[in-house]
Amino acid sequence: MERISNYINGHLKSPVGGSFLHVFNPSSGQIYAEVPASEPEDVENAVQAAQLAFPAWSNTSVQERHDILSKIAELIKERAATLAHAEAQDTGKPLNLAAQVDIPRAAANFDFFANAITQFSSEAHHGPHRNALNYTLRAPLGVVACISPWNLPLYLITWKIAPALAAGNTVVAKPSEVTPMTAFLLSQICIEAGLPPGVLNVIHGSGAVIGKTLNVHPLVKGISFTGSTRVGAEIAGITSPLFKKVSLEMGGKNPCLIFADCDYEKMLDKTIGSSFSNQGQICLCSSRILIERSLYDRFKEDFVKRAEALRVGPPMDDTSDIGAVISSEHLNKVLGYVALGQKEGGTLLCGGNQIHPPGYEKGWYIRPAVFENLASDCRTNQEEVFGPVVTLTPFETEEEALQLANDSSYGLSATVWTRDLSRAHRLSKSINVGIVWINTWLLRDLRTPFGGMKNSGMGREGGLEALRFFTEPKNVCIEY
Ligand code: NAD
């Protein structure tokens, strides 16, 4: 059985208490690895190592940081096949998806911020007083914590680590204990790339245990968190009286607005992807599909047909469109929502049942579920399922579509399908979310601000926003 180590002060280490947690392979439902059950002392060691490394790392030149981050990106690309295999095994996602999306994006995150930091500059202000110049210095925060979830493990943890390091911070990273493998492989890559000891530390184990020390540690100056709204709220509550800089990327219940004038075939293709990619376990997945009444019956028939045709099966089988969901608890949660949808009066048009592919009978597989006839205010339409479950709701007018789209405590992303340019602009302005895709979905430009409003997030990641988050501005005023 594989045993994962923490990465502290440049070394791969077992946890001080010698305890480990099981890591499951979702495709088989079997334990396949062990991950450190780190204790407060391990967290303390990681924070101290990061603190010790901070003065030297924050004083490296931008070029040095660029070079070492680029080297890490290069090694991720070299190991892409191994990393993709590890990610598919750990998460249950199709290997093709890990190979085409997760791992290339992890490399791109390092490449992007290696370059972005060489272009990062701050403002200078002349006037309003004669003979006065103000300029802004930007200093790294110090030790920062990067906490990430299980759905896109390497993709999301590198999205935080790369800008934090590029800006000159040192990092204690906390990957999800459910999917720790690629963060462990990244630790090995960082050693090989020559990242100085302590600059990045990766600490594995229970979020509650590690969070207890990390969230309140006086040396941890910033926390970048991606995960559930529940844990995000807990972190916000604990850290606010400590005045830490905090960025929270949390849950979503994203609307997809489909108008009758859209490019139908493209919309249908993308909406199948936006609903069920990664087993519906992407924070940006569309889960509330709103369809203009005149298109409703046609869309419903075609969409259900396409959902039923999706092949649910083992991640390593390249004919699988959809793999296994992350855990037996999560499988039960999703099945619970399918039952709830029916109890709330919804009509289940397809799927929603567990299946047992031959040879993988104990894995956690569920067929994509499509509901209709559910009111906007019911729990199925209000709560994040984070699985392959969507609802279809017809609307008559643009106003009604907007009202339904905004009828949510979440505000992460929205997708709008229309050829009417004015309508696209009107809705983009009025839907209360952080990201709007018009006639596409999850088309990402890493320079853009990424994040949500309402219960979906606080702060933004991406491009200069991330570099601003990981630095403290200081105003210098000179009268000459
Ligand atoms: P989670 O909140 O349970 O865990 C996220 C991370 O936080 C894990 O590493 C966990 O160990 C750690 N953690 C748990 N308790 C903690 C605490 N008290 N203090 C500090 N850290 C703690 O989320 P999850 O189940 O891993 O991920 C699924 C959720 O993530 C979904 O709600 C999804 O929408 C969200 N998500 C959001 C985005 C986004 O960009 N907005 C992206 C991906 C996933």
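Residues numbered from 1 in each chain as written. Predicted model: local features only at pLDDT ≥ 70, side-chain atom pairs only at ≥ 80, totals over all residues. Heavy atoms only, no water.

Draft legend 1. Quick look at the site of the ligand. Every one of the 29 residues lining the ligand counts as a neighbour, but Ser-148, Glu-177, Ser-228, Met-250 and Glu-384 are closest to it. In the environment of the ligand, an oxygen atom lies 2.8 Å from a nitrogen or oxygen atom belonging to the side chain of Lys-174. Residue Glu-177 places a side-chain N or O atom 2.7 Å away from an oxygen atom belonging to the ligand. Here the ligand loses 91% of its free accessible area of 850 Å² to cover by the protein chains. Here the shell around the ligand is built from residues that sort into 14 nonpolar, 10 polar and five charged. (Near = heavy atom within 4 Å. Polar contact = N/O pair within 3.5 Å; in protein donor to acceptor, adjacent residues only side chain to side chain. Areas by Shrake-Rupley, 256 points an atom, 1.4 Å probe, with all protein chains shown as cover. Nonpolar A, V, L, I, M, F, W, Y, C, P; charged D, E, K, R; others polar.)

Draft legend 2. Here's a closer look at the environment of His-22. If you trace the backbone, His-22 turns up in strand E4 (residues 20-25). For His-22, a relative accessible area of 47% puts it in the partly exposed group. Excluding its chain neighbours within four sequence positions, the residues that come into contact with His-22 are Ile-31 and Ala-33. (Helix = DSSP H or I, 4+ residues; strand = E, 2+ residues; numbered from the N terminus. Buried < 20%, exposed > 50% of the residue type's maximum accessible area, 1.4 Å probe, protein only. Contact = heavy atoms within 4.5 Å.)

Draft legend 3. View of the pattern of salt bridges. Tallied over the full model, the rule gives 17 salt bridges. Two residues, Arg-311 and Asp-321, come together in a salt bridge whose shortest N-O distance is 3.2 Å. Taken as a pair, Arg-311 in the loop between helix H10 (293-309) and helix H11 (328-343) and Asp-321 in the loop between H10 and H11 lie far apart in primary sequence, 10 residues in all. With a shortest N-O distance of 2.7 Å, Arg-379 and Glu-383 are connected by a salt bridge. Judged by its relative accessible area of 24%, Glu-383 is partly exposed. (Salt bridge = Lys/Arg side-chain N within 4 Å of Asp/Glu carboxyl O.)

Draft legend 4. Focus on H10. Taking 1.5 Å of rise per residue, 17 residues should cover 24 Å, and H10 covers 25 Å from first to last C-alpha, within 8% of that figure. At Phe-299, H10 shows its maximal bend, which comes to roughly 35°. For H10, the complete set of buried residues consists of Leu-295, Tyr-296, Phe-299, Phe-303, Val-304 and Ala-307. The elements touched by buried residues of H10 are strand E13 (254-258), helix H9 (264-276), strand E14 (286-292), strand E15 (347-350), strand E18 (369-372) and strand E19 (389-395). (Expected span 1.5 Å × (residues − 1). Bend = angle between axes of the 7 residues up to and from the residue.)

Draft legend 5. Seen up close, the packing of aromatic side chains. If you walk through the whole model with that rule in mind, you get eight aromatic pairs. Measuring from centroid to centroid gives 6.1 Å for Phe-24 and Trp-364, while their planes differ by 55°, and the two rings are tilted. Of the two residues, Phe-24 is situated in strand E4 and Trp-364 in the loop between strand E16 (354-355) and strand E17 (365-366); the sequence distance between them amounts to 340 residues. Arranged with centres 4.9 Å apart and planes meeting at 75°, the rings of Phe-469 and Phe-470 form a pair that is edge-to-face. The same class applies to Phe-469 and to Phe-470, which are both buried. Among the aromatic residues, those joined into a cluster by ring pairs are Phe-112, Phe-113 and Trp-159. Sitting above the plane of the Phe-20 ring, Arg-3 keeps its charged end 3.8 Å from the centroid. When the ring centre of Trp-159 is taken as origin, the NZ or CZ atom of Arg-105, which lies over that ring, is 4.5 Å away. (Phe/Tyr/Trp six-rings, centres within 6.5 Å; stacked < 30°, edge-to-face > 60°. Lys NZ or Arg CZ within 6 Å of the ring centre and 35° of its normal.)

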